[in-house]
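The lines below spell out each chain.
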Amino acid sequence: MASPRRSVEGRPLGASVSSNTSNPGSPAHGGGSSGRFEFQSLLSSRAAGVDPTSARLRASESPVHRRGSFPVAAAGSSQAPPPSLPEEDRMDLNPSFLGIALRSLLAIDLWLSKKLGVCAGESSSWGSVRPLMKLLEISGHGITWLLGTLYCLCRSDSWAGREVLMNLLFALLLDLLVVALIKGLVRRPRPAHNQMDMFVTLSVDKYSFPSGHATRASLVSRFILKHLVLAIPLRVLVVLWAFILGLSRVMLGRHNVTDVAFGFFLGYMQYSIVDYCWLSPHNAPVLFILWNQQ
Ligand SMILES: CC(C)=CCC/C(C)=C/CC/C(C)=C/CC/C(C)=C/COP(=O)(O)O
């Protein structure tokens, strides 16, 4: 907001907390929780040789502390209740619920992902299962699916089969594009415990959000379940494969849990797009005629 933020007394905030707010990231500048503010002000006062008790008192004058209990000056008096803050300032000083929820979710995500990363290295607790996990990785790799689909497309001798495979190819390419775009935009680094020893990657694959294997697993398994007539045990196997592939990404240390969870969701949604834009000899005749001339 363009107007200067004001304290309860109407003074600009900078005037009342200037001794503690040299750090622009401090909550007095709108950048953190009340606990962190007090922690920072105590630290900086110690560094500057100031008595921590007086520093704490100054911290209690901070707008964040004023939020719950009113300033020290007013606390002892039995005067009329203090004037309430203007609406815009109240929103500014309250730590956002969404912010706290997101930070907590991220902390749980990092903690859980580290705990589940039991195959992240040969010396990890489940390091002996790592080769199996890497085999699963290849089973969900983009190259495996693209080459497999192209091969089946070349071998297919029915129009119906070719139509399904053409759409699977379109789905796989769409998935690669969407995942690359999101990875490039979000730029979340892979977990620190990951060993970057993956088989054929694109440059954006140094980023981890979302998991490309998870998007592919859920997209492809939804596609298969919809378009292939399979016995129930095989259908269960397809779902299990997708789930275990997602889990293996976290176990290998390639991803955090949220990368995989969002990947599953994204792949599921991508299938809806593919279904909506279903290519057929009626709406994309050129594609089918060209293919048949090969
Ligand atoms: C063959 C055709 C028709 C086109 C080729 C298109 C193309 C650019 C393919 C690249 C495939 C590739 C290298 C995909 C990378 C897959 C991968 C390693 C994803 C990372 O997964 P994650 O779960 O670790 O995020």
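The protein chain goes by Polyisoprenoid diphosphate/phosphate phosphohydrolase PLPP6 in an unreviewed UniProt entry, where it is assigned to Ictidomys tridecemlineatus. Its UniProt record, at the heading Sequence similarities (unreviewed entry), says of the protein chain: "Belongs to the PA-phosphatase related phosphoesterase family."

Draft legend 1. Main features of the site of the ligand. Neighbouring the ligand are 20 residues; Lys 183, Arg 190, Gly 212, His 213 and Arg 249 lie closest to it. At 3.0 Å, a side-chain N or O of Ser 211 approaches an oxygen atom of the ligand. Contact distances for the ligand include 2.9 Å between an oxygen atom and a side-chain N or O atom of His 213. In isolation the ligand offers 690 Å² of accessible surface; the protein chains occlude 78% of this area.

Draft legend 2. Focus on helix H7 (residues 97–116). Helix length check: H7 (20 residues) gives 28 Å between terminal C-alpha atoms against 28 Å at 1.5 Å per residue, within 8%. When H7 is considered as a whole, its buried residues turn out to be Gly 99, Asp 109 and Ser 113. Taken around the axis of H7, the buried residues stretch over an arc of 85°, which confines them to a single face. Of the exposed residues in H7, those oriented more than 90 degrees away from the buried face are Phe 97, Trp 111 and Lys 115. Of the residues that open H7, the one with a side-chain oxygen 3.3 Å from the backbone nitrogen of Leu 98 is Ser 96.

Draft legend 3. Quick peek at a nonpolar patch on the surface. A contiguous nonpolar patch, built from Ile 108, Trp 111, Leu 112, Leu 116, Ile 232, Leu 234, Val 236, Leu 237, Leu 240, Phe 243, Ile 244 and Leu 247 and spanning about 1100 Å² of accessible area, is present on the exposed surface. At the level of elements, H7 and helix H12 (232–251) are the ones that each hand at least two residues to the nonpolar patch. The greatest single-element share of the nonpolar patch, amounting to 8 residues, is contributed by H12. The residue Leu 237 is located in helix H12 in this model.

Draft legend 4. View of the nonpolar core. One finds Val 220 and Trp 241 to be the most contacted residues of the largest nonpolar core, which totals 31 residues. Mapped onto this core, the elements with two or more residues apiece are helix H8 (130–139), helix H9 (142–155), helix H10 (159–186), helix H11 (212–227), H12 and helix H13 (257–276). Sort the elements by how many residues they give to this core and H10 lands first, with 7 residues. For Val 220, the contacting residues outside a window of four places in its chain are Trp 145, Leu 168, Leu 172 and Trp 241.

Draft legend 5. Seen up close, unusual backbone geometry. With an omega of -5°, the peptide bond running from Phe 209 to Pro 210 counts as cis. Its place among the elements puts Pro 210 in the loop between H10 and H11. The residue Arg 187 is not glycine, and still its phi comes out positive at about 55°. Along the chain, Arg 187 turns up in the loop between H10 and H11. Unlike most non-glycine residues, Val 200 shows phi in positive territory, near 40°. Topologically, Val 200 is positioned in the loop between H10 and H11. Residue Val 200 is classed as partly exposed on the basis of its relative accessible area, which comes to 48%.

Draft legend 6. The arrangement of the side chain of His 213 in detail. Counting through the fold element by element, His 213 comes out in helix H11. On the accessibility criterion, His 213 (5% relative accessible area) is buried. A distance of 3.5 Å separates the side chain of His 213 from the side chain of Arg 249, its partner in a polar contact. If we ignore the near neighbours within four places in the chain, the residues touching His 213 are Glu 137, Gly 140, His 141, Met 198, Leu 245 and Arg 249.

Draft legend 7. Layout of the UniProt feature "transmembrane region" (unreviewed entry) in the protein chain. Mapped onto the present numbering, the UniProt feature "transmembrane region" (unreviewed entry) falls on residues 165–186 and 228–247. Counting secondary structure, residues 165–186 comes out at 100% helix and 0% strand; the distance between its end C-alpha atoms is 31 Å.

Definitions and limits used
- Residues numbered from 1 in each chain as written.
- Predicted model: local features only at pLDDT ≥ 70, side-chain atom pairs only at ≥ 80, totals over all residues.
- Heavy atoms only, no water.
- UniProt positions renumbered as here; feature names shortened; annotations may be inferred.
- Near = heavy atom within 4 Å.
- Polar contact = N/O pair within 3.5 Å; in protein donor to acceptor, adjacent residues only side chain to side chain.
- Areas by Shrake-Rupley, 256 points an atom, 1.4 Å probe, with all protein chains shown as cover.
- Helix = DSSP H or I, 4+ residues; strand = E, 2+ residues; numbered from the N terminus.
- Expected span 1.5 Å × (residues − 1).
- Buried < 20%, exposed > 50% of the residue type's maximum accessible area, 1.4 Å probe, protein only.
- Arc of directions from axis to C-beta.
- Patch = residues over 30% accessible without salt bridge, like charges linked within 9 Å, V, L, I, M, F, W, Y side chains within 5 Å.
- Salt bridge = Lys/Arg side-chain N within 4 Å of Asp/Glu carboxyl O.
- Core = buried A, V, L, I, M, F, W, Y, C linked by side-chain atoms within 4.5 Å.
- Contact = heavy atoms within 4.5 Å.

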